[in-house]
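In case you want the letters, here they are:
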Amino acid sequence: MGNMRLPQKGEASNAPIDWEASAEIIDYALEHGVNYFDTAWVYNNGESERCLGAALKRHAADRDKFYIADKFNIDATTDYEMVFEEQLRRLQTDYIDFYLIHCLMDSNIDKYIESGAIEYFLEQKRKGRIRYLGFSSHSSVETLRRFADLQEWDFAQLQINYYDWRYSETAKEYRILEERNIPCMVMEPVRGGKLATLPDKAEQMLKAAHPDWSMAAWAMRFVQSLPNVMVVLSGMSNMEQIEDNVKTFSSADPGLSDEDRQLLDKACELFREYIHVPCTACRYCTAECPQQINIPEFISVYNKFKVNGTWGIKSDLESIVTEGKPVDCIQCGACMGHCPQSIQIPDLMSKVVEMEKSL
């Protein structure tokens, strides 16, 4: 269970987490065999860690039956000692099972290597305060290979889904881990929820093959079928999502036939026509935006505009909860250093402005 998209009280991007609803999902997850809970220092400005810690504290007697994953992001702060100690307090635990160097990118690999953070976390591992040390990557293939060879990592986390497998370097990244016997954790298996809703023609085709599979289940089964995948993360915001995921993973066999894979390829081609900006709505960009623009929501509307034209776009724009608007973008680029997909956000905000003028 990923804890970046916990239910919130309100629709604003900075709305507080609904702790009661989140605890209900976490309880259901534990009751149905989900035992890996992933969070990070930067999720919900730290509220994700605190909410998860409080929810899991109620299950402290079974602490050896579930695993907590947390992360250090050097682009958020360089004070790794302060971060780690505060994370233990927020999570209300004296050790973290899986700890990650967070969001490795071409722009920060040297900062991580030179900071002393890796040595510090290795020391915490020797002390038993970290059980397994790994990293998550949104970097180029070359940077991933370099970091993977830096030392013997216990695991690594990659963005893997059937869309990126076909249209990006994901397959190469997966094989880098496989060749080094580094177990793989998967993030964004449904590409930030984008693969949960496909173009009508694609959905009809997949539903005809397996009427009882959701679109998200197809995406989950694809990553489940990869032999070096140890954990599949899903950021769940409501009970419907956790129930569907539990159903999908109720069998160790993903059940994907060769014919199913061919259908996924066709669905992927149709989806590629639908998606124009590869945003996963991770919201890393919004925290640093001085104008407080709800960037992912405007990108979502822009994608819809590129596919369907102006129909319904005006009402979609009016429904976005945001402090600033694309016209307020000052082109500062603060968002760019935090986008795992390397989207040219300032340029895109200008395109959204032009879109609005055409309505």
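Residues numbered from 1 in each chain as written. Predicted model: local features only at pLDDT ≥ 70, side-chain atom pairs only at ≥ 80, totals over all residues. Heavy atoms only, no water.

(A) Looking closely at the state of the cysteines. Counted according to the given criterion, the structure contains 0 disulfides. In this structure C51 is a free cysteine whose sulfur lies 20 Å from that of C282, the closest cysteine sulfur available. Distance from the sulfur of C282, which forms no disulfide, to the nearest cysteine sulfur (C285) is 6.3 Å. (Disulfide = S-S within 2.5 Å.)

(B) The arrangement of the sheet that holds strand β5 (residues 155–159) in detail. Spatially, 7 strands are ordered β1-β2-β3-β4-β5-β6-β7 in an open sheet, and the strand pairing comes out parallel. Looking at which strands have only one partner, the edges of the open sheet turn out to be β1 (36–38) and β7 (229–232). Direction aside, the axes of adjacent strands within the sheet are offset by 30 degrees on average. Across 4 bridges, the pairing between strand β4 (residues 130–137) and β5 is parallel. Looking across to β5, one finds that F135 is bridged to A156. Across the face of the sheet, helix α5 (residues 117–126) comes into contact with β2 (67–72), β3 (96–104) and β4 while running at roughly 150 degrees to β4. (Pairing = 2+ DSSP bridges. Helix = DSSP H or I, 4+ residues; strand = E, 2+ residues; numbered from the N terminus. Axes fitted to C-alpha atoms, helices over the stretch in contact; angles between N-to-C directions. Contact = heavy atoms within 4.5 Å.)

(C) Structural context of the environment of D328. With respect to the helices, strands and loops of the structure, D328 is situated in the loop between α15 (313–318) and α16 (345–358). In the structure, D328 is positioned 299 residues away from A29 in sequence and 41 Å away in space, judged by C-alpha atoms. Every residue in contact with D328, bar those within four places of it in the chain, is listed here: Q291 and I293.

(D) Structural view of the packing of aromatic side chains. Summed over all chains, the structure comprises 26 aromatic pairs. Centroid distance Y163 to Y167: 5.2 Å. Interplanar angle 50 degrees. Geometry classified as tilted. Highlighted residues: Y163 and Y167, both in helix α7 (residues 162–167), separated by 4 residues, approximately one helical turn. Between W165 and F222, the ring centres sit 5.8 Å apart and the planes meet at 75 degrees, which makes this aromatic pair edge-to-face. Taken together, the residues W165 in helix α7 and F222 in helix α10 (residues 215–224) connect sequence positions 57 residues apart. Note on W165: relative accessible area 22%, which makes it partly exposed. (Phe/Tyr/Trp six-rings, centres within 6.5 Å; stacked < 30°, edge-to-face > 60°. Buried < 20%, exposed > 50% of the residue type's maximum accessible area, 1.4 Å probe, protein only.)

(E) Looking closely at the pattern of salt bridges. Going through the model one piece at a time under the given rule, you end up with 21 salt bridges. In this structure, R58 engages D27 in a salt bridge whose closest nitrogen and oxygen atoms are separated by 2.8 Å. With R58 in the loop between α2 (47–57) and β2 and D27 in helix α1 (residues 19–31), this residue pair connects regions lying 31 residues apart in the sequence. Under the relative-accessibility criterion, D27 is labelled buried at 17%. One salt-bridge network, in which partners are shared between bridges, spans E49, E86, R89 and R90. (Salt bridge = Lys/Arg side-chain N within 4 Å of Asp/Glu carboxyl O.)

(F) Highlighting the environment of I320. Mapping I320 onto the fold places it in the loop between α15 and α16. Given the relative accessible area of 11%, I320 is considered buried. Considered as a pair, I320 and V186 are 134 residues apart in the sequence and their alpha carbons are 30 Å apart. In this structure I320 touches N294, E297, F298 and V301, once residues within four positions along its chain are discounted.

Limitation: the analysis is restricted to geometry and does not speak to function.
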